[in-house]
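A look at the structure
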Amino acid sequence: MTSRIDAKSRRYVAQRAGNVCEYCLIAEKDSFFRHQIEHIISLKHGGSSEPGNLAFSCVFCNSNKGSDIGSVVESRGELVRFFNPRIDRWSEHFRLDGGMIVALTDIGTVTVKILKFNADERVMEREVLISRSLYPNENAVELIREH
């Protein structure tokens, strides 16, 4: 297994996602940093670099997630996996409330918490994009509807 993602795979993953972070829905063109290819199940947990295990991710979602694959729901002390853009429907786990991303499920709860969707600066970024009618863009709306 290799963590190196070739240019062809990167293009495929980016196009599949409509050039939008598959977690927080920020478009790459509206981000200061180039988006990254993220392993949904990290290599150290047995994941692969095959397209079915890759997601298009903004720098912030990818760096906050790291190699984690889940977290504990604090209210119950139960381990829950993160949102998986290959098998989960975004709108079943999250909803947008202005610049906030609100969790609807335990999967959404741990994903929001660990990926820090609602950190002040991230909410502010989304609010600025909303004020300019750039968030969520049409590709992000498609990701919300998929599956």
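Refer to the structure printed above.
Below, the structure is looked at part by part. Everything numeric here is computed off the predicted structure, so don't read it as measured data. (Residues numbered from 1 in each chain as written. Predicted model: local features only at pLDDT ≥ 70, side-chain atom pairs only at ≥ 80, totals over all residues. Heavy atoms only, no water.)

**Details of the pairing of strand β2 (residues 54-57)**
For clarity, the threshold we go by: For the exposure calls, accessible area comes from a 1.4 Å probe over protein chains only, and a residue counts as buried if that area is under 20% of its type's maximum, exposed if over 50%, partly exposed in between. Numbering of helices and strands runs from the N terminus, with a helix taken as a DSSP run of H or I at least four residues long and a strand as a DSSP run of E at least two residues long. Strands are labelled as partners when DSSP assigns at least two bridges between them.
Along β2, one buried face is formed by Leu54 and Phe56 and the opposite face, lined by Ala55 and Ser57, is buried too. Relative to β2, strand β1 (residues 36-39) runs antiparallel, the two sharing four bridges. Each residue of the ladder has a partner; that of Ile37, found in β2, is Phe56.

**Some details on the pairing of strand β6 (residues 100-103)**
Relative to β6, strand β5 (residues 94-97) runs antiparallel, the two being bridged by four bridges. For Asp97, the partnering residue across the bridge sits in β6 and is Met100. Where β5 folds back on β6, the antiparallel hairpin that results is connected by two residues, among which Gly98 adopts a positive phi of roughly 65°.

**With respect to the environment of Ser42**
Heads up, the condition is: Note on contacts: a residue pair qualifies if any of its non-hydrogen atoms lie within 4.5 Å across the two residues. Between N or O atoms, a polar contact is any pair within 3.5 Å; within protein, one atom must be a potential hydrogen donor and the other a potential acceptor, and residues adjacent in sequence are included only when both atoms are from side chains.
Its place among the elements puts Ser42 in the loop between β1 and β2. The spacing of Ser42 and Ile69 is 27 residues in sequence and 7.3 Å in space, taken between C-alpha atoms. With residues up to four places along the chain from it excluded, the contact list for Ser42 reads Gly47, Ser67 and Ile69. A distance of 3.1 Å separates a polar atom in the side chain of Ser42 from the backbone oxygen of Ser67.

**So, the pattern of salt bridges**
As a reminder, the rule being used: A pairing counts as a salt bridge when a side-chain nitrogen of Lys or Arg comes within 4 Å of a carboxyl oxygen of Asp or Glu.
This structure, assessed with the given rule, holds nine salt bridges. When the shortest N-O distance is used, the salt bridge between Glu38 and Lys65 registers 2.6 Å. One end of the pair, Glu38, is in strand β1; the other, Lys65, is in helix α2 (residues 59-65), with 27 residues separating them in the sequence. Of the residues examined, Glu38 reaches a relative accessible area of 1% and is grouped as buried. Classification of Lys65 as buried rests on a relative accessible area of 2%. For Lys113, the salt bridge goes to Glu74, with nearest N and O atoms at 3.5 Å. In this pair, Lys113 sits in helix α4 (residues 106-114) while Glu74 sits in the loop between β3 (70-73) and β4 (78-81), placing the two residues 39 residues apart along the sequence. Judged by relative accessible area, which is 32%, Lys113 ranks as partly exposed.

**Some points on helix α6 (residues 138-145)**
What counts is decided by this rule: In this context, the arc is that of the directions from the helix axis out to the C-beta atoms.
Burial in α6 covers these residues: Ala140, Leu143 and Ile144. The buried residues of α6 occupy an angular sector of 100° when projected down its axis, which confines them to one face. For α6, the exposed residues set more than 90 degrees away from the buried face come down to Glu138 and Arg145. At its buried positions, α6 is contacted by α3 (90-93) and β5. One side-chain oxygen at the N-terminal end of α6 lies 2.9 Å from the backbone nitrogen of Asn139; it belongs to Asn137.

**Examining the nonpolar core**
Put simply, the rule reads: Here, nonpolar core refers to any group of buried Ala, Val, Leu, Ile, Met, Phe, Trp, Tyr and Cys residues whose side-chain atoms link them within 4.5 Å.
Within the largest apolar cluster, 28 residues are counted, with the highest numbers of intra-cluster contacts made by Tyr23, Cys24, Leu25, Cys61, Ile101 and Phe117. Those elements that place two or more of their residues in this core are α4 and α6. Sequence-distant contacts of Cys24, that is, excluding residues within four places in its chain, are made with Cys58, Cys61, Ile101, Phe117, Arg122, Arg126 and Tyr135. In terms of nonpolar packing, the next biggest core, distinct from the first, is built from seven residues, Ala14, Ala17, Ile37 and Phe56 among them.

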